[in-house]
Amino acid sequence: MVFLVIDEKDIYYLLPIIEALIRGYCFYYLIKPFMISTVTLKNKGMAMDIASLVMGKKRNLFYIGIVYFFIMLLLYLLPFYINIDMAYLIGSILSFFFISWFDQRNYRQKAFLVILFFSLNWLSTAMAEILYDNLYAFAENTNYMKSHPSMFFILYVSVCIVYLTLELLFTVIGSWQILKVYKNKSEDMGKKELIILMIPSLIGVIAYKIIQNYRIFYILKNGKNRGIYDIFIVIFYLIIILAIFAVIILYQDIKAKQEENQQTKFLSMQIENIKHHMEQVESLYQNIRSIKHDMTNHMLTLEKLYEGNKIEEAKAYQNNLKEAFNQITGEIESGNPVTNVILQEFKKEAEENGISFYTEFYYPSDFHINVFDLSVILHNALRNAIENTEKEKSKEISIVSYRRNNAYIIETCNSFFHDLQWDMESGLLLTSKDEKACHGYGLLNIRRVARKYHGDIDITLKNGEFCLCIMLMLE
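Remember, it's a predicted structure, so these values are computed and weren't measured experimentally.

A. Quick peek at the packing of helix H11 (residues 371–389) against helix H12 (residues 441–452). Where H11 contacts H12, the axes come no closer than 9 Å and their chain directions differ by 150°. Classified by the angle their axes make, H11 and H12 are roughly antiparallel. The way H11 lies across H12 gives a crossing that is left-handed. In contact with Asp373, Val376, Ile377, Asn380, Ala381 and Asn384 of H11, H12 contributes Gly442, Leu443, Asn445, Ile446, Val449 and Lys452. In terms of residue class, the contact of H11 with H12 is made up of 6 nonpolar, 4 polar and 2 charged.

Right, dumping it as structure tokens:
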């Protein structure tokens, strides 16, 4: 029988391998929500299943943690000496390039995440190491250990387990808090934002190196550490981590305020559009009243033309009268003057841009759906459809509505031959517009109205066609 004998030397060499494994898991844990905050909808073949896309991306993400583990392990196992700082720097750079290859967007955010993890992990390791040193120093000076020297190996193994547990615990808790306060994970990061967010992390790294060198020098010179200084160092590291949290929270608050301002701006634009539609309806009624006022004269004229057997003149007069009436009222009849005006205006705009516009929309007058809410849906859906169709070679827009039991459904479809980014946090598409002042607010407003009526929206993308389905539940 062969017994496996493990001594302190084996534990000493095994410890960095376990640390690399812990760091690989923690790195995966931190970046995973950022990597899956968006998925790409490919505009080919069958409609894309968002859930399967996310699951596939999660499976691939696991390899990032494995790659990080092997990078750090390889740097540790190199046959030639490499400075630990240089090893971590190389590992971080390689990790940045790997996650950038995996998810080719928002590179500044990825740079921040790598630097953030670098700092958080070092600070967590430093705190775990200080607690490890003090725990070991306390235990080895107890009467029990002095009288049982054979137990020092067990003490060493136990304290190493405590050290690894604390390192994992500090890093995971820190990562969890960061993920909790960093809410807009799919939001692009600017250069200035990157610099501001990096400052606390970089301060933490520099402070760690300075304190660590002085601490090692002090222990080597005096043969022991000063417990009170170690307490202050741990408190200082915690303050740096809290500073990292504070800057992220401040950054998120600023972004939330900007988002709120943009939503207010967009809402005011929506209100102005609705006012314009109402004015158009008022103008429509005035024109109809004017035609009604003159209708008697028109009827008398037609009667005289038919009585005089002037059939051709009567038909021409009738056609002119019909054309004039269509110009005033529009050729679209949806069952409500407001929706008539909105559909007519968007049809006119679409045709001016060479877009084929087809509608079978009707207003459900027998149900309690506010026409203002429907106007919000129509305006946002059709505005997005026109903007996304203008640059396509094949230009088609359709809008239909129908009822299924107690569900009222509106479907807008338009030509679209590009891929799209799906925001997993909002459950909506990321804008493809260059100007992002009002990005995503149209769909957000549509979904808000749909949920007001206990419904929701659904989006499909397949074979060059983008379709938005809006469901409202009727009483």
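B. A look at the side chain of Lys255. Inspection of the secondary structure assignment puts Lys255 in helix H8 (residues 227–307). By relative accessible area, which is 12% here, Lys255 ends up buried. Those residues in contact with Lys255 that lie beyond four places of it in its chain are Asn184, Glu187, Asp188 and Glu193.

C. How the structure looks around the nonpolar core. Ranked by size, the top nonpolar core spans 66 residues in total, and within it Phe27, Phe112, Tyr237 and Ile248 carry the most contacts. Counting only elements with at least two residues in this core, the list comes to helix H1 (8–35), helix H2 (50–77), helix H3 (84–102), helix H4 (107–140), helix H6 (152–181), helix H7 (191–222) and H8. The greatest single-element share of this core, amounting to 16 residues, is contributed by H4. Non-local contacts of Ile248, meaning those with residues more than four positions away in its chain, are made with Phe112, Ile178, Val181, Tyr182 and Leu197. Within the second largest apolar cluster, 40 residues are counted, among which are Ala381, Ile399, Tyr408 and Leu461.

The rules behind the values
Residues numbered from 1 in each chain as written. Predicted model: local features only at pLDDT ≥ 70, side-chain atom pairs only at ≥ 80, totals over all residues. Heavy atoms only, no water. Axes fitted to C-alpha atoms, helices over the stretch in contact; angles between N-to-C directions. Helix = DSSP H or I, 4+ residues; strand = E, 2+ residues; numbered from the N terminus. Parallel < 35°, antiparallel > 145°, perpendicular 65-115°, else oblique. Left-handed = near helix turned anticlockwise from the far one by under 90°. Contact = heavy atoms within 4.5 Å. Nonpolar A, V, L, I, M, F, W, Y, C, P; charged D, E, K, R; others polar. Buried < 20%, exposed > 50% of the residue type's maximum accessible area, 1.4 Å probe, protein only. Core = buried A, V, L, I, M, F, W, Y, C linked by side-chain atoms within 4.5 Å.

Function-wise, these values are silent; they only describe arrangement.
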